[in-house]
Amino acid sequence: SQTIHQWPATLVQPVGSPLSLECTVEGTSNPNLYWYRQAAGRGLQLLFYSVGIGQISSEVPQNLSASRPQDRQFILSSKKLLLSDSGFYLCAWRKSEPNYGYTFGSGTRLTVV
Amino acid sequence: AQSVTQLDSHVSVSEGTPVLLRCNYSSSYSPSLFWYVQHPNKGLQLLLKYTSAATLVKGINGFEAEFKKSETSFHLTKPSAHMSDAAEYFCVVSETYSSASKIIFGSGTRLSIRP
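Considerations on the overall build of chain B
Regarding its fold elements, chain B presents 0 helices and 12 strands. Overall, chain B shows an N-to-C arrangement of helices and strands of β-β-β-β-β-β-β-β-β-β-β-β. Across its three principal directions, the C-alpha atoms of chain B cover 45 × 30 × 20 Å. Considering only contacts within chain B whose residues lie at least 6 apart along the sequence, 57% involve residues at least 24 apart. Per element, the accessible surface of chain B, about 5400 Å² overall, is 51% carbon and sulfur. Across chain B, the mean location of the 10 positive side-chain charges is 3 Å away from that of the 8 negative side-chain charges.

What follows is the structure in structure tokens.
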């Protein structure tokens, strides 16, 4: 069966520090991968998605970046965090076929102080 | 362009009474529609999905939703609320024309259950 792992679960970082959140998927190949952010009291915002290794599409201009160094690995990064980067970050995957639902990771609660 | 509107930001019902969470969508193509549930500080769990088969879709935990094309709605219902149903619920639309299709989330509805 397929599983998705996301870590860390919680993270407190000072303003200006770097960020690296990792997400891996097991039990499938060539998944579509997604990073979402959920700010307090708001819905989910798509940040990045990837349909293959090295292929990253950005939805929102910001100081975050994403990379996909391996087929089932998706990394969210920042060189210098801002206070506004605080939120709940969710990684998700789905098969590369229409109508296939999304499976989400357990999320990372990021607090920038 | 696709969009999804959840008509209520907060719904409160008594335990044992019916639940109705409303969702309207807009899509240029045949949409796939989903409902997800999120408990506090947890990831999202798929409740059910509609993908152009039966218009009445049954999901987990006794939830179901009916796709009504004429009303562009996909409301989530449950006959009898349970305390464990208290959570945030998201209606999601995905256009099916592309395998790389993105999904659009509604703003969410917080469901509270009164004892």
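What about the pattern of salt bridges?
All names here are of chain B. In this structure the tally under the stated criterion is 5 salt bridges over all chains. The partner of Arg 22 in a salt bridge is Asp 8, and the shortest N-O contact between them spans 2.9 Å. Here the residue Arg 22 occupies a position in the loop between strand E3 (19-21) and strand E4 (23-26), and Asp 8 occupies one in the loop between strand E1 (3-6) and strand E2 (10-14), the gap between them amounting to 14 residues.

Here we look at the state of the cysteines
Across all of its chains, the model carries 2 disulfides over all chains by this definition. The disulfide that involves A:Cys23 links it to A:Cys91, with 1.9 Å between the sulfurs. A torsion of -75 degrees about the S-S bond marks the disulfide between A:Cys23 and A:Cys91 as left-handed. Taken together, the residues span a long stretch of sequence, with A:Cys23 in strand E3 (residues 19-26) and A:Cys91 in strand E9 (residues 87-94) at a distance of 68 residues. Residue A:Cys23 is classed as buried on the basis of its relative accessible area of 1%. The partner cysteine of B:Cys23 in its disulfide is B:Cys91, sulfur to sulfur 1.9 Å. In this structure the cystine formed by B:Cys23 and B:Cys91 twists about its S-S bond by roughly -70 degrees; its chirality is therefore left-handed. Taken as a pair, B:Cys23 in strand E4 and B:Cys91 in strand E10 (residues 87-95) lie far apart in primary sequence, 68 residues in all. In this pair, the class of B:Cys23 matches that of B:Cys91, namely buried.

Examining the confidence of the model for chain B
For chain B, the average pLDDT comes to 88, and 92% of its residues sit at 70 or higher. Considering each helix and strand of chain B separately, the mean pLDDT is smallest for strand E11 (residues 103-105) of chain B, with a value of 80, and largest for E3(B), with 98.

The rules behind the values
- Residue numbers here run from 1 along each chain, matching the order of that chain's written sequence.
- Chains carry letters from A onward and ligands carry numbers from 1 onward, assigned in written order.
- Local features in this predicted model are restricted to residues of pLDDT 70 or higher, and side-chain atom pairs are both shown and tallied only at a pLDDT of 80 or more, whereas totals for entire chains, interfaces and linings draw on every residue.
- Excluding hydrogens and water, the side-chain figures rest on all heavy atoms present in the structure.
- Secondary structure is summarised from DSSP: a helix means a run of H or I of at least four residues, a strand means a run of E of at least two, and numbering begins at the N terminus for each.
- We call two residues in contact whenever any of their non-hydrogen atoms come within 4.5 Å of each other.
- Each accessible area value is a Shrake-Rupley result obtained with a 1.4 Å probe; residue values ignore everything except the protein chains displayed when judging cover.
- Counting rule for charge: Lys and Arg are taken as positive, Asp and Glu as negative, and neither His nor the chain ends is counted.
- Charge positions are represented by NZ for Lys, CZ for Arg, CG for Asp and CD for Glu.
- By definition here, a salt bridge exists when the distance from a side-chain nitrogen of Lys or Arg to a carboxyl oxygen of Asp or Glu is within 4 Å.
- Sulfur atoms of two cysteines make up a disulfide when they are within 2.5 Å.
- Remark: exposure states derive from per-residue accessible area (1.4 Å probe, protein chains only) relative to the maximum for the residue type, with buried under 20%, exposed over 50%, and partly exposed in between.
- For every residue, the predictor reports its confidence as pLDDT, a number between 0 and 100.

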